[in-house]
Amino acid sequence: MQELNKPKTGSLVLPGDWLGVIEEFTPGEGTYEENGVVYSSSIGRVVIDNVEKRVRVIPIELRALPRKGDIILAKVTQINKMLTFVDIARVRGQNLANPFSGVIHISQISPGYVENTSDALRPGDIIRARVIEDKGELIQLTTAETNLGVIYTTCSKCGSELERRGNFLYCNDCEEKETRKIASDYGKVKT
């Protein structure tokens, strides 16, 4: 019966999945043998070497899931009066091929009062935030800490890079002055 489900090279397997019997394969990396049967010991892709009669499992990296307390990097995609929507691009130092969606409620932007989200965050801003809730469809975030907020952005008027001047951001090209919830290390971070 298990012969019908015998994995082939490239098959995705989970820990404990049956790979074959010891008479046909020697267990290799990512596998183990128990009572003459070879099983996968990790999540990965099967590699069968028919010359050496060896089976192994090459582990795959799982997509990093943002968890409560994680510091993330994200790009602001959309704002309205009360909410800021972002694409989470980096979790625990790992860049994500497919970003997660996150949201920041206006009350979580700054420790002080923010009247409108556009006073603190704008589409295109690159931000550092903390995950405060990882349940549900949208990851809930906060930037209401000194080291959190915008770490890189460009001028809304001309698109040039903005320079920090005190609590404001300034464009040297068009002399536009803009406000944001700025991270304490704005302009010093490599994105």
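Above: the structure in question.
Our subject in this report is the structure included herewith.

What counts and what doesn't
One numbering rule holds for all chains: residues counted from 1, following each sequence as written. A pLDDT threshold of at least 70 governs which residues receive local features in this predicted model, and a stricter bar of 80 or more applies before side-chain atom pairs are shown or counted, although totals over entire chains, interfaces and linings include all residues. Excluding hydrogens and water, the side-chain values take into account all heavy atoms of the structure. Any two strands between which DSSP finds at least two bridges are classified as paired. Put simply, DSSP H or I for four residues or longer makes a helix, DSSP E for two residues or longer makes a strand, and each gets a number counted from the N terminus. Axes, fitted as lines to C-alpha atoms, cover a helix only where it is in contact. Angles between the N-to-C directions of the axes lie from 0 to 180 degrees. Under the rule applied, a polar contact is a pair of N or O atoms within 3.5 Å (in protein, one hydrogen donor and one hydrogen acceptor; residues adjacent in sequence only if both atoms are side-chain atoms). Contacts were defined at the residue level, with two residues in contact if any of their heavy atoms lie within 4.5 Å. We place a 1 Å grid over just the protein atoms. Points where a 1.4 Å probe fits but has no way out form a cavity, open points with protein on both sides within 12 Å along at least 5 of 7 lines form a pocket, and any residue with an atom within 4 Å of a point lines it. Grid points are joined across faces, edges and corners, and a volume is the space filled by probe spheres set on the points. Here, nonpolar core means buried Ala, Val, Leu, Ile, Met, Phe, Trp, Tyr and Cys residues that are tied together by side-chain atoms lying within 4.5 Å of each other. Residue exposure (1.4 Å probe, protein chains only): buried if accessible area is under 20% of the type maximum, exposed if over 50%, otherwise partly exposed.

Focus: the sheet that holds strand β3 (residues 26-27)
- Taken together, the four strands give an open sheet; going across it, the order is β1-β6-β7-β3, and neighbouring strands pair in mixed fashion. Two strands lie at the open edges of the sheet, namely β1 (12-13) and β3, each paired on one side alone.
- In the sheet, β1 pairs with strand β6 (residues 44-49) via two bridges, with the strands oriented antiparallel. When the sheet's bridge partners are listed, valine 13 is paired in β6 with glycine 44.

Thoughts on the pairing of strand β9 (residues 83-91)
- Relative to β9, strand β8 (residues 71-79) runs antiparallel, the two being bridged by seven bridges. Within β9, the position partnered with isoleucine 72 by the bridge is valine 91.
- Linking β8 back to β9 in an antiparallel pair, the connection comprises three residues.
- With eight bridges connecting them, β9 and strand β10 (residues 94-105) associate as antiparallel partners. If you follow phenylalanine 85 over to β10, its bridge partner there is valine 103.

A closer look at the sheet that holds strand β4 (residues 31-34)
- Overall, antiparallel pairing links the three strands, which are arranged β2-β5-β4 in an open sheet. Since the sheet does not close on itself, it has two edges, and those belong to β2 (18-21) and β4, each with one partner. Pairwise comparison of adjacent strand axes, ignoring direction, gives a mean angle of 30° for this sheet.

A few points about the side chain of threonine 142
- As for its position among the elements, threonine 142 is in strand β12 (residues 139-142).
- Among the polar contacts made by the side chain of threonine 142, one reaches the side chain of glutamine 108 at a distance of 2.9 Å.
- Once residues within four sequence positions are removed from consideration, threonine 142 is found in contact with Gln108, Ala129, Arg130, Ile132 and Leu148.

What to know about the layout of surface pockets
- What the largest pocket holds in volume is close to 310 Å³.
- Lining the largest pocket are 16 residues, with Ser110, Asn167, Arg180, Lys181 and Ile182 sitting closest to its centre.

Quick notes on the nonpolar core
- In this structure, Ile72, Val86, Ile88, Ile109, Leu121, Ile127 and Leu141 are the most contacted members of the largest nonpolar core, which totals 27 residues.
- Going through the elements one at a time, β8, β9, β10, β11 (126-133) and β12 are the ones with two or more residues in this core.
- The residues touching isoleucine 72, leaving out its near neighbours within four places in the chain, are Ile88, Arg90, Val91, Ile127, Arg128, Ala129, Val131 and Leu141.
- Membership of the second largest hydrophobic core comes to eight residues, among which are Val38, Val46, Ile48 and Val55.

Some thoughts on unusual backbone geometry
- One non-glycine residue, asparagine 35, lies in the positive phi region at around 55°.
- Tracing the backbone shows asparagine 35 in the loop between β4 and β5 (37-40).
- Even without glycine at this site, glutamate 175 takes up a positive phi of about 65°.
- Examined against the element boundaries, glutamate 175 turns out to sit in the loop between β15 (168-170) and β16 (177-178).
- Judged by relative accessible area, which is 58%, glutamate 175 ranks as exposed.

That is the geometry; function is a separate question.
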